[in-house]
Protein chains: 2
Amino acid sequence: MLSNSRSAHQPHNHLRCINAALDRARDLCAQKNARLTPTRERVLNLIWQSHQPLGAYQLQEQLAKLSGKSIAPPTVYRAIEFLVNLGLVHRIPSLNAFIGCPFPNSAHSNLFMICQNCGSAAEATHSGLNDLLQSASNRAQFILKSQNLELFGLCLQCNTATTTNGEQVNHDYTND
Amino acid sequence: MLSNSRSAHQPHNHLRCINAALDRARDLCAQKNARLTPTRERVLNLIWQSHQPLGAYQLQEQLAKLSGKSIAPPTVYRAIEFLVNLGLVHRIPSLNAFIGCPFPNSAHSNLFMICQNCGSAAEATHSGLNDLLQSASNRAQFILKSQNLELFGLCLQCNTATTTNGEQVNHDYTND
DNA sequence: AATAATATGTTATGTTATAACATATTTAAT
DNA sequence: ATTAAATATGTTATAACATAACATATTATT
């Protein structure tokens, strides 16, 4: 089972995450004859600045700064679409936000663990999970094509913080 | 494992679905001292007219007809919020739409099987699935609070239709 | 260098959702 | 029964998310 839950939810050398993600993107684009244009690379870079999913309009604002000119929504959405199609970025529907995929080449569960306190989202693959969903689908005579699995809760950091000092920084990344 | 995949995705006496849903709602509201006002009951009724998730603005339009007067979005969203809080209705984030819950009292997986062809959504509970997600969360030291699990594909009806006559009525309920 | 294909710019608008405040209705308390 | 409190709805405006349609620019192919 692959997972980036450790790095996503805990302190780490994040420059590595960014560089690795950009390297993977360049590789994948070369391999697929897709153009990683400056705009697209910037958007990917911005998305990877943290492990918190970013909304399109947050990206727009930051992309405008990076580019030194104003950027209209379609430009952002196009870049996102490109990255999503290549599997480099996922959309998390319940958040209307986008997150970098840590393993764009591997088989996917599209399973996200989203912290309701700090907003970070970790992704995990899980073969047992896929088997189970497949068998549930079979039972229902449902032809499974794709999936979106979102778990909401507290990451280790935030859980520790809330249980030790009773204080909770609530950024309101709730789902319910 | 509970599931309404048979009834949701296949021909059935749908009046039963509607009546049962309204009965459950009345029970639950009585039990919780919550008021199932005409507006709320109408919205629930409208949501249960089919097994296809309805958007808030579709509900608005239909509610206006039912009520014989124009209805503003907040009225619809308030009714939805009420129903969602009671567990009578689920929001399906990837569709920005709402669907009736067939078993509002039972433990939930919040697992939806959404047909990309006809748009119908069936819900299933699955204890094995819950255990698996719980253990995945444990491994990631993630405190699981709630979840949203969306499967996209083809229901039996639509799969049969597409494979037998090659023709496909595509209403474009796609996710990818 | 001309053509085709791809990518971005630009304007406008569609779609989903909520904030803020006013009014009405229902419930509980006196 | 009357008042007060709580709950629900009406109303206006706007925020937040997303795409359509068409123009221009850039890159790849011939």
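Anyway, here's the lowdown on the structure attached to this text. Since this is a predicted model, take the numbers as computed values, not measurements.

## Some remarks on the overall build of chain A
Along chain A, the regular secondary structure elements total 7 helices and 5 strands. Counting helices and strands in the order they occur from the N terminus, chain A gives α-α-α-α-α-β-β-β-β-α-β-α. At 17 Å, chain A has a C-alpha radius of gyration in line with the 16 Å of a compact globule built from 176 residues. Along the first, second and third principal axes, the C-alpha atoms of chain A reach 50 × 45 × 30 Å. Burial statistics for chain A: of 176 residues in total, 49% are counted as buried. Restricting to contacts in chain A with at least 6 residues of sequence separation, those with at least 24 account for 61%. When the accessible surface of chain A is split by element, carbon and sulfur atoms take 46% of a total near 8,600 Å². Computed over 14 positive and 11 negative side-chain charges, the separation of the two mean positions in chain A equals 10 Å.

## Quick word on the protein's contact with DNA strand C
Contacts to DNA strand C come from 17 residues, most closely from Thr37(A), Lys69(A), Arg78(A), Tyr57(B) and Arg91(B). Counting only atoms of DNA strand C within 4 Å of the protein, the sugar-phosphate share comes to 53%. Thr37(A) is positioned with one of its side-chain polar atoms (N or O) 2.6 Å from a phosphate oxygen of DNA strand C. In the environment of DNA strand C, a base oxygen lies 2.4 Å from a nitrogen or oxygen atom belonging to the side chain of Arg78(A). Residue assignment for the surface near DNA strand C shows that the elements contributing at least two residues are α3 (38-47) and α5 (73-85) of chain A together with α5 (73-85) of chain B. With 4 residues, the top contributor of residues to the surface near DNA strand C is α5(B). Split into classes, the residues belonging to the surface near DNA strand C amount to 6 nonpolar, 4 polar and 7 charged.

## A look at the pattern of salt bridges
Residue and element names in this part refer to chain B. For the coordinates displayed, the defined rule picks out 4 salt bridges over all chains. Residue Glu-41 pairs with Arg-26 through a salt bridge whose shortest N-O separation is 2.8 Å. A residue pair is termed long-range when its members are at least 10 positions apart, and Glu-41 in helix α3 (residues 38-47) and Arg-26 in helix α2 (residues 14-32) qualify at 15 residues. On the basis of relative accessibility, which here comes to 37%, the residue Arg-26 falls in the partly exposed class.

## Details of the packing of aromatic side chains
Residue and element names in this part refer to chain A. For the structure on display, the rule yields 2 aromatic pairs over all chains. Both rings, one in Tyr-57 and one in Tyr-77, keep their centres 6.4 Å apart while their planes meet at 70 degrees; by these two values the pair is edge-to-face. You can see Tyr-57 sitting in helix α4 (residues 56-67) and its partner Tyr-77 sitting in helix α5, a full 20 residues away along the chain. Relative accessible area serves as the criterion here: at 39%, Tyr-77 is assigned to the partly exposed category.

## As for the protein's contact with DNA strand D
What surrounds DNA strand D is a group of 17 residues, the closest being Tyr57(A), Arg91(A), Thr37(B), Lys69(B) and Arg78(B). Here, DNA strand D places atoms within 4 Å of the protein, and 49% of those atoms are sugar or phosphate. Between Arg40(B) and DNA strand D, the recorded distance is 3.1 Å, taken from a side-chain N or O atom to a phosphate oxygen. The element best represented in the surface near DNA strand D is α5(A), accounting for 4 residues. Along the lines of polarity and charge, the residues of the surface near DNA strand D split into 6 nonpolar, 4 polar and 7 charged.

## A look at the side chain of Ser94(B)
Relative to the elements of secondary structure, Ser94(B) occurs in the loop between β1 (89-92) and β2 (97-100). A polar contact is formed between the side chain of Ser94(B) and the side chain of Glu150(B), at a distance of 3.1 Å.

## A few points about the packing of helix α6 (residues 127-139) of chain A against helix α6 (residues 127-139) of chain B
Relative to each other, α6(A) and α6(B) sit at 165 degrees, their axes nearing to 10 Å. Here α6(A) is positioned roughly antiparallel relative to α6(B), judged by the angle of their axes. In the crossing of α6(A) with α6(B), the sense of the turn from one axis to the other is left-handed. Where α6(A) abuts α6(B), its residues Gly128(A), Leu129(A), Leu132(A) and Leu133(A) lie against Gly128(B), Leu129(B), Leu132(B) and Leu133(B). Considered class by class, the residues forming the contact of α6(A) with α6(B) number 6 nonpolar, 2 polar and no charged.

## Regarding the interface of chain B and chain A
Listed as interface residues are 40 residues of chain B and, on the opposing side, 40 residues of chain A. Both sides together, the interface formed by chain B and chain A hides about 3,400 Å², and carbon and sulfur atoms give 62% of it. A per-residue breakdown of the area chain B buries against chain A is headed by Gln141(B), Phe142(B) and Leu151(B), which together make up 18% of the total. Between the two partners, chain B and chain A, sit 12 residue pairs in polar contact (both at pLDDT 80 or more). The element that contributes the greatest number of residues to the side of chain B that touches chain A is strand β5 (residues 143-154) of chain B, accounting for 12 residues. Of the residues that constitute the side of chain B that touches chain A, the class distribution is 20 nonpolar, 15 polar and 5 charged. The pairing of strand β5 (residues 143-154) of chain A with β5(B) spans 11 bridges and is classified as antiparallel. Residue pairing in the sheet places Leu149(A) in a bridge with Leu149(B) of β5(B).

Definitions and limits used
- Residues numbered from 1 in each chain as written.
- Chains lettered and ligands numbered in written order.
- Predicted model: local features only at pLDDT ≥ 70, side-chain atom pairs only at ≥ 80, totals over all residues.
- Heavy atoms only, no water.
- Helix = DSSP H or I, 4+ residues; strand = E, 2+ residues; numbered from the N terminus.
- Rg over C-alpha atoms; globule rule 2.2 N^0.38 Å.
- Buried < 20%, exposed > 50% of the residue type's maximum accessible area, 1.4 Å probe, protein only.
- Contact = heavy atoms within 4.5 Å.
- Areas by Shrake-Rupley, 256 points an atom, 1.4 Å probe, with all protein chains shown as cover.
- Lys, Arg positive; Asp, Glu negative; His and termini not counted.
- Charge placed at Lys NZ, Arg CZ, Asp CG, Glu CD.
- Near = heavy atom within 4 Å.
- Polar contact = N/O pair within 3.5 Å; in protein donor to acceptor, adjacent residues only side chain to side chain.
- Nonpolar A, V, L, I, M, F, W, Y, C, P; charged D, E, K, R; others polar.
- Salt bridge = Lys/Arg side-chain N within 4 Å of Asp/Glu carboxyl O.
- Phe/Tyr/Trp six-rings, centres within 6.5 Å; stacked < 30°, edge-to-face > 60°.
- Axes fitted to C-alpha atoms, helices over the stretch in contact; angles between N-to-C directions.
- Parallel < 35°, antiparallel > 145°, perpendicular 65-115°, else oblique.
- Left-handed = near helix turned anticlockwise from the far one by under 90°.
- Buried area = accessible area lost by both parts, 1.4 Å probe.
- Pairing = 2+ DSSP bridges.

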